[in-house]
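Results of the structural survey
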Amino acid sequence: MTQDEMKKAAAVKALEYIENDTIVGVGTGSTVNYFIDALATMKNKITGAVSSSEESSKRLIAHGIEVFDLNSIDVLDVYVDGADEITKHMSMIKGGGAALTREKIVAAVAKKFICIADDSKRVDVLGDFPLPVEVIPMARSYVARELVKLGGDPVYRQGVITDNGNVILDVYNLSIIDPIQLEVNINAIVGVVTNGLFANRGADILVLGTEANVQVIEN
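What counts and what doesn't
- Residues numbered from 1 in each chain as written.
- Predicted model: local features only at pLDDT ≥ 70, side-chain atom pairs only at ≥ 80, totals over all residues.
- Heavy atoms only, no water.
- Phe/Tyr/Trp six-rings, centres within 6.5 Å; stacked < 30°, edge-to-face > 60°.
- Helix = DSSP H or I, 4+ residues; strand = E, 2+ residues; numbered from the N terminus.
- Buried < 20%, exposed > 50% of the residue type's maximum accessible area, 1.4 Å probe, protein only.
- Lys NZ or Arg CZ within 6 Å of the ring centre and 35° of its normal.
- Pairing = 2+ DSSP bridges.
- Axes fitted to C-alpha atoms, helices over the stretch in contact; angles between N-to-C directions.
- Contact = heavy atoms within 4.5 Å.
- Core = buried A, V, L, I, M, F, W, Y, C linked by side-chain atoms within 4.5 Å.
- Arc of directions from axis to C-beta.

To continue, consider the packing of aromatic side chains. Inspection of every chain in the model, using the stated rule, returns 1 aromatic pair. Between Tyr79 and Phe113 the ring centres are 5.1 Å apart and the planes differ by 45 degrees, which places this aromatic pair in the tilted class. Taken together, the residues span a long stretch of sequence, with Tyr79 in strand 3 (residues 78–81) and Phe113 in strand 6 (residues 112–118) at a distance of 34 residues. For the pair shown, Tyr79 and Phe113 are each scored as buried. The side chain of Arg140 reaches across the aromatic face of Tyr156, ending 4.0 Å from its centre.

Written as structure tokens, this is what we have:
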């Protein structure tokens, strides 16, 4: 399978975790776009979706799937999203599409987090993909200096404003041995909204598209 075929295969497989008459948490990104398209085939069986980005909301609505505000629901059984990197411990780097804060909020609410990805996203140690950090604009330079103290090389993602009106710093050259602690340390920097480490709340299930088949790995 090609990379796109692996993404699509993982996305379709994730439909097996969607129960009738539920609201589905939906993430953001190229693999999730395949999931949204697949979800449309059973849109009459679900109640609707909660979305982590304006982009995903538009795609869901275009398919005729109702999008709910997270504040209006009590229970979210499942959240399906991709990853930029994921380890065997189900820790992830996310945020390549700059939707990390809303993704992290929806993941926190969901009872079950399903990560869908192609095999290129599986790594032994996080950090080859630069770690996105969402920052209040006035704190950008200060946060960058603090990230340097943590061993990273932050680069301002030019021309990108998040759905929350903030900016992104991409932190290069990190070898993330303890993602849980680093997630806490970065979030403690004043001016950081959140960072793209999903370690304290990692995935529960990884649906991984490979060249040969789709693998399901449970935490």
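Our next topic: the sheet that holds strand 3. Here we have 6 strands laid out as an open sheet, ordered 2-1-3-6-12-13, and mixed in their pairing. Strands at the two margins of the open sheet, each flanked by one partner only, are strand 2 (48–51) and strand 13 (214–218). With strand direction ignored, the average angle separating the axes of adjacent strands in the sheet is 25 degrees. Here strand 12 (residues 205–209) runs beside strand 13; their pairing, made up of 5 bridges, is antiparallel. The residue of strand 13 that forms the bridge with Leu206 is Ile217. Helix 4 (residues 100–109) contacts strand 1 (23–26), strand 2, strand 3 and strand 6 of the sheet and is inclined by roughly 150 degrees relative to strand 3.

Right, let's get into the nonpolar core. Core analysis: the largest hydrophobic core is formed by 23 residues, its most contacted members being Ile18, Val26, Phe35, Leu39, Val80 and Ile116. Only helix 1 (3–13), strand 1, helix 2 (30–39), strand 3, strand 6 and strand 12 provide two or more residues apiece to this core. With 5 residues, the top contributor of residues to this core is helix 2. Among the nonpolar cores identified, the runner-up in size contains 20 residues, and Leu131, Ala139, Leu174 and Leu197 belong to it.

Turning our attention to the pairing of strand 9 (residues 167–172). Summarising burial for strand 9: 5 of the 6 residues are buried, a large majority. Bridge analysis of strand 7 (residues 131–135) against strand 9 gives 5 bridges, and the strand direction is antiparallel. The partner of Pro132 across the bridge, within strand 9, is Asp170.

Where helix 5 (residues 140–149) is concerned, the buried positions are Val143, Ala144, Glu146 and Leu147. When helix 5 is viewed along its axis, its buried side chains cluster within an angular range of 165 degrees and face the same direction. Turned more than 90 degrees off the buried face of helix 5, the exposed positions are Arg145 and Lys149. Summarising the contacts, the buried residues of helix 5 are in contact with strand 7, strand 8 (153–156), strand 9, helix 6 (179–187) and strand 10 (192–195). In the stretch just after helix 5, Gly151 is the one whose phi turns positive, near 100 degrees.

Moving on to the sheet that holds strand 7. Each strand in a sheet pairs with its neighbour through backbone hydrogen bonds, running either in the same direction (parallel) or in the opposite one (antiparallel). On the basis of which strands lie adjacent, the open sheet formed by 4 strands has the order 8-9-7-10 and antiparallel pairing. Bordering the open sheet on either side are strand 8 and strand 10, each of which pairs with just one other strand. Here the strands of the sheet are splayed against their neighbours by 30 degrees on average, with no regard to which way each runs. Two strands pair when backbone bridges link them, and strand 7 and strand 10 are joined in this way by 3 bridges, in the antiparallel orientation. Among the inter-strand pairings, Glu134 is bridged to a residue of strand 10, identified as Thr194. Along the sheet face, helix 4 touches strand 7, strand 9 and strand 10 and points at about 70 degrees away from the line of strand 10.

These figures capture arrangement, not role.
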